[in-house]
Number of protein chains: 2
Amino acid sequence: MGTTQLKLSDLARLAGVSTSTASRALNDNPLIKKETRERIQALAKEHHFSVNAAASRLRMQKTKVIAVIINLEAETKQSVDDPFLLKVVSDINRAVNRKGYELLLSNSYMAGEDWHGYFISGRRADGVIVVGQGKEQARIERAARAGTPIVVWGDPKTSANYPIVGSDNFIGGLNATEHLIARGASKLLFLGDPGHAELGERYRGFCHAVEKAKVEAKMIKIDITSEAAYASINASLRAQGLTFDGIFACSDMVALGALKALKERYVSVPNDVRIVGFDDIAMAQISFPALSTIKQDTNAAAQLLVEKLLSQLSGETCASQEVPSSLVIRQSS
Amino acid sequence: MGTTQLKLSDLARLAGVSTSTASRALNDNPLIKKETRERIQALAKEHHFSVNAAASRLRMQKTKVIAVIINLEAETKQSVDDPFLLKVVSDINRAVNRKGYELLLSNSYMAGEDWHGYFISGRRADGVIVVGQGKEQARIERAARAGTPIVVWGDPKTSANYPIVGSDNFIGGLNATEHLIARGASKLLFLGDPGHAELGERYRGFCHAVEKAKVEAKMIKIDITSEAAYASINASLRAQGLTFDGIFACSDMVALGALKALKERYVSVPNDVRIVGFDDIAMAQISFPALSTIKQDTNAAAQLLVEKLLSQLSGETCASQEVPSSLVIRQSS
DNA sequence: ATGAAAGCGCTAACAC
DNA sequence: GTGTTAGCGCTTTCAT
């Protein structure tokens, strides 16, 4: 407070050196004698000096910032409050920090249509991580084509001109469904929206297991929210009674919505109906019965996402990659 | 791609005007003739031109960025994944965007101890919003004293040299407890950690209601997580049997952990024990039975937080403020 | 091992 | 209504 902002040249004067020396010292440049470096760094700390990031960025032509944009469909009601999405963001945050970058949290509202222009030409960030592939990839593709360093959390099987990192959704769906069948379920239900890339893969896995085991199966297409799941199970129970004994829900939130509807109508889980979800959000172990689910390794994925983005920054190109998921068996199945 | 970055002077040349005219035109400065302005803006769009934010920030001495720092205790296990915290962040994000600012998501890891130095002197942000008051306010206070424009989500009753916005925790606790009593509970339990400022106020409200109604009450101090709540209710049930018939949990996550322990031991909710939580996270309505809770208006709070921060930026000082909360009655009580 | 000076791209005070 | 120009604070090339 009070005293005007110290700048590098002020610090240099206080230290009795030139600004170039001061700059080098603060950046730990070995050109500067070690003791000079340390003296200047101590002085900087003492005077609470920080380099002006704006000036530095202008000069360096890079920002050390990564933008994360949460890419939600307008059409779906899956909200930014989805605990899973938020967990992904928070893991990305950690991964980004570990590499010495900052995280600009953004969205279509700010970035508009032209992500390359906004983030890259606008020197707001050096690269972009998109969380959520959505159903419509035009904007991502356009940004990538414009030369934006960009990586996406989504379904790695999708062919694209940018790397996608995500879980092995097909195998996840397969494992979940085979587990349901192994536990004795023979009339299966998939709850979700296969139109969404990742969920489509999970559904493929589901279908594959179903065909192999030659059991009955159907799919109810719903919005990916607990409310929609609750409503749809409720409606189904009311209209046709209990027509299934195993549910593979496309997400934990969906599974929990279904679970509630079942319990309200005194359908016993797992005795009458077995349920497996996807994600392994915190609530999965707190629900009663605790929810069996496919755990997505968001931490590993976040790290990969950041690594791939940084290697794009140094000119390399990288491929999409699947992250192993794992079945967590709890009480609901 | 390919073609080198367009800068303002290039755009100006393309338009046949000077850079100052171009700059003014893009900033909608009425000094420039309307048609010139529009012509230049169209040209900018056509060429995907964006002003270099680094240069602009250097020149303007402001960033149009607000840093949000999630302030968690090292000691507590309450994690960044707490759905409520994340909801607050996401509401702040919206509020910040509406005012034309961007959101830098940060944490102690990046910002270190000297927030003023890092964010303000470092020209990374114009102001700081701290989510979570924590038990230790030294860093916040120091930043405020150094002249950082700063606002905090926390307990507004705390006296501080910075504005705090949060729910009326005392009234929330009071209402929750009175509701429990009105529903017939007479042996109450508070589950949480009154050492934390906001929770302390909720506990005060609890005690006030208890004294007024002259009912039995006790408090179990736990870490603010569902796991801790689950473990503690489990232990209590095992050791002493059912010694309470009403629980006021300091958060929904805690309430849900308690609920699970109860259900596992066949204690009926709400017949044997009534529970009320705090926050109204999405899971509250999806749990079975649906959780009664005190809803915090995070959206209103986020807006206030941002408004107060922005008015600090224009030199005003502002006071702390409470946001009304409301009791949401569902099935658990 | 250190210093002088140029220049990153923008905005605004000052001219016209 | 528009142009000229200085300068925001830093990093780095080039000189010593």
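Keep in mind the model is a prediction, meaning the values are calculated, not measured. (Residues numbered from 1 in each chain as written. Chains lettered and ligands numbered in written order. Predicted model: local features only at pLDDT ≥ 70, side-chain atom pairs only at ≥ 80, totals over all residues. Heavy atoms only, no water.)

## Quick word on the overall build of chain A
Helices and strands together make up the secondary structure of chain A, namely 14 helices and twelve strands. Against the 2.2 N^0.38 benchmark of 20 Å for 333 residues, chain A shows a C-alpha radius of gyration of 25 Å, more extended than a compact globule. Dimensions along the principal axes, computed over C-alpha positions, put chain A at roughly 85 × 40 × 30 Å. Every one of the 333 residues in chain A was classed for burial, and the buried ones make up 58%. Of the contacts made within chain A by residues no fewer than 6 positions apart, 69% connect residues no fewer than 24 positions apart. (Helix = DSSP H or I, 4+ residues; strand = E, 2+ residues; numbered from the N terminus. Rg over C-alpha atoms; globule rule 2.2 N^0.38 Å. Buried < 20%, exposed > 50% of the residue type's maximum accessible area, 1.4 Å probe, protein only. Contact = heavy atoms within 4.5 Å.)

## Observations regarding the sheet that holds strand S6 (residues 187–192) of chain B
Residues and elements named next belong to chain B. Ordered in space as S7-S6-S8-S9-S10-S12, the six strands form an open sheet in which the pairing is mixed. The open sheet has two free edges, formed respectively by strand S7 (216–221) and strand S12 (326–328), since each of these has just one partner strand. For this sheet, the mean inter-axis angle between neighbouring strands, taken without regard to orientation, is 20 degrees. Here S6 pairs with strand S8 (residues 246–249) via four bridges, running parallel. Within S8, the residue paired with Leu189 across the bridge is Ile247. Along the sheet, helix H10 (residues 197–213) makes contact with S6, S7, S8 and strand S9 (274–279), crossing S6 at roughly 175 degrees. (Pairing = 2+ DSSP bridges. Axes fitted to C-alpha atoms, helices over the stretch in contact; angles between N-to-C directions.)

## Considerations on the relation of the copies chain A and chain B
Laying chain A over chain B is done by rotating through 180 degrees and shifting 0.0 Å along the axis; what remains is an RMSD of 0.1 Å. The superposition of one copy onto the other is thereby described by a two-fold rotation axis. Comparing interface residues between copies, 100% of those in chain A also sit at the interface in chain B, which points to an isologous, same-surface contact. (Least-squares fit on C-alpha atoms with pLDDT ≥ 70 in both.)

## Thoughts on the nonpolar core
One broad trend across soluble globular proteins is that nonpolar side chains are buried collectively. Counting residues in hydrophobic clusters, the biggest one holds 139 residues, and the most contacted among them are Ile247 of chain A together with Ile247 of chain B. Sequence-distant contacts of Ile247 of chain A, that is, excluding residues within four places in its chain, are made with Leu180, Leu189, Leu191, Ile233, Ala258, Leu262, Val273, Arg274, Ile275 and Val276 of chain A. (Core = buried A, V, L, I, M, F, W, Y, C linked by side-chain atoms within 4.5 Å.)

## Structural notes on the interface of chain A and chain B
Between chain A and chain B, the contact holds 57 residues from the first and 57 residues from the second. A buried area of about 5,100 Å², summed over both sides, lies between chain A and chain B, and 57% of it is on carbon and sulfur atoms. Counting across the interface, chain A meets chain B through two salt bridges. The residue Arg124 of chain A makes a salt bridge to Glu102 of chain B at a minimum N-O spacing of 3.3 Å. In this structure, the connection of chain A to chain B is made through 18 residue pairs in polar contact (both at pLDDT 80 or more). Residues of the side of chain A that touches chain B, tallied by class, amount to 24 nonpolar, 19 polar and 14 charged. Where strand S2 (residues 102–106) of chain A lies against strand S2 (residues 102–106) of chain B, three bridges are found, and the strand directions are antiparallel. (Buried area = accessible area lost by both parts, 1.4 Å probe. Salt bridge = Lys/Arg side-chain N within 4 Å of Asp/Glu carboxyl O. Polar contact = N/O pair within 3.5 Å; in protein donor to acceptor, adjacent residues only side chain to side chain. Nonpolar A, V, L, I, M, F, W, Y, C, P; charged D, E, K, R; others polar.)

## Looking at the environment of Leu26 of chain A
Along the polypeptide, Leu26 of chain A turns up in helix H2 (residues 19–26). Every residue in contact with Leu26 of chain A, bar those within four places of it in the chain, is listed here: Leu8, Leu11, Ile40, Gln41, Ala44, Phe49 and Val51 of chain A.

## Some words on H10 of chain B
Residues and elements named next belong to chain B. Taking 1.5 Å per residue as the helical rise, H10 with its 17 residues ought to reach 24 Å, and the 25 Å between its terminal C-alpha atoms agrees with that figure. In this structure, the buried residues of H10 make contact with strand S4 (150–153), helix H9 (169–182), S6, S7, S8 and S9. The positive-phi residue at the C-terminal boundary of H10 is Lys214, with phi of around 55 degrees. (Expected span 1.5 Å × (residues − 1).)

## Here we look at the UniProt feature "domain: HTH lacI-type" (unreviewed entry) in chain A
UniProt annotation of "domain: HTH lacI-type" (unreviewed entry) refers to residues 6–60 of chain A when read in the numbering used here. Summarising residues 6–60 of chain A: 67% helix, 0% strand, and an end-to-end C-alpha distance of 21 Å. (UniProt positions renumbered as here; feature names shortened; annotations may be inferred.)

## Overview of the protein's contact with DNA strand C
The environment of DNA strand C is made up of 25 residues, and the closest members are Thr21 and Arg24 of chain A together with Leu8, Ser23 and Arg59 of chain B. Between DNA strand C and Leu8 of chain B, the relevant distance is 2.4 Å, taken from a phosphate oxygen to a main-chain nitrogen or oxygen of the residue. Backbone polar atom of Asn52 of chain B to a phosphate oxygen of DNA strand C: 3.2 Å apart, as the coordinates give it. For the surface near DNA strand C, the secondary structure elements donating two or more residues are H2 and helix H4 (53–60) of chain A together with helix H2 (19–26) and helix H4 (53–60) of chain B. Looking at which element gives the most residues to the surface near DNA strand C, the answer is H4 of chain B, with four residues. (Near = heavy atom within 4 Å.)

## Topic: the pattern of salt bridges
All told, the structure shown has 35 salt bridges over all chains when counted by the stated rule. Close ionic contact of Glu198 of chain A with Arg202 of chain A constitutes a salt bridge, the shortest N to O distance being 3.5 Å. One end of the pair, Glu198 of chain A, and the other, Arg202 of chain A, are both in helix H10 (residues 197–213), four residues apart, so they sit about a helical turn from each other. Owing to a relative accessible area of 6%, Glu198 of chain A belongs among the buried residues under this scheme. The partner of Glu35 of chain B in a salt bridge is Lys33 of chain B, with the nearest N and O atoms 4.0 Å apart. Taken as a pair, Glu35 of chain B and Lys33 of chain B share a single burial class, namely exposed.

## So, the pairing of S2 of chain A
Residue and element names in this part refer to chain A. Counted residue by residue, S2 has five buried out of five residues, so it is predominantly covered. Every second residue of S2 is oriented toward a common face, with Glu102, Leu104 and Ser106 on one face and Leu103 and Leu105 on the other, all of them buried. For strand S1 (residues 65–70) and S2, the ladder comprises five bridges, and the chain directions are parallel. Its bridge partner being in S2, Val65 is matched across the sheet by Glu102.

## Description of helix H1 (residues 8–15) of chain A
Residue and element names in this part refer to chain A. Of the residues making up H1, those classed as buried are Asp10, Leu11, Ala12 and Ala15. Those residues of H1 hidden inside the fold are in contact with H2 and helix H3 (34–46). With its phi angle positive at about 70 degrees, Gly16 sits one or two positions after the end of H1.

## Let's talk about the environment of Leu291 of chain B
Residues and elements named next belong to chain B. Summarising the element assignment, Leu291 is placed in the loop between helix H13 (283–286) and strand S10 (292–295). A relative accessible area of 0% places Leu291 in the buried class. Sequence-wise, Leu291 and Pro270 are 21 residues apart; in three dimensions their C-alpha atoms are separated by 9.9 Å. Leu291 has contacts with Asp252, Ala255, Leu256, Ile275, Gly277, Ala284, Arg330 and Ser332, leaving out every residue within four places of it along the chain.

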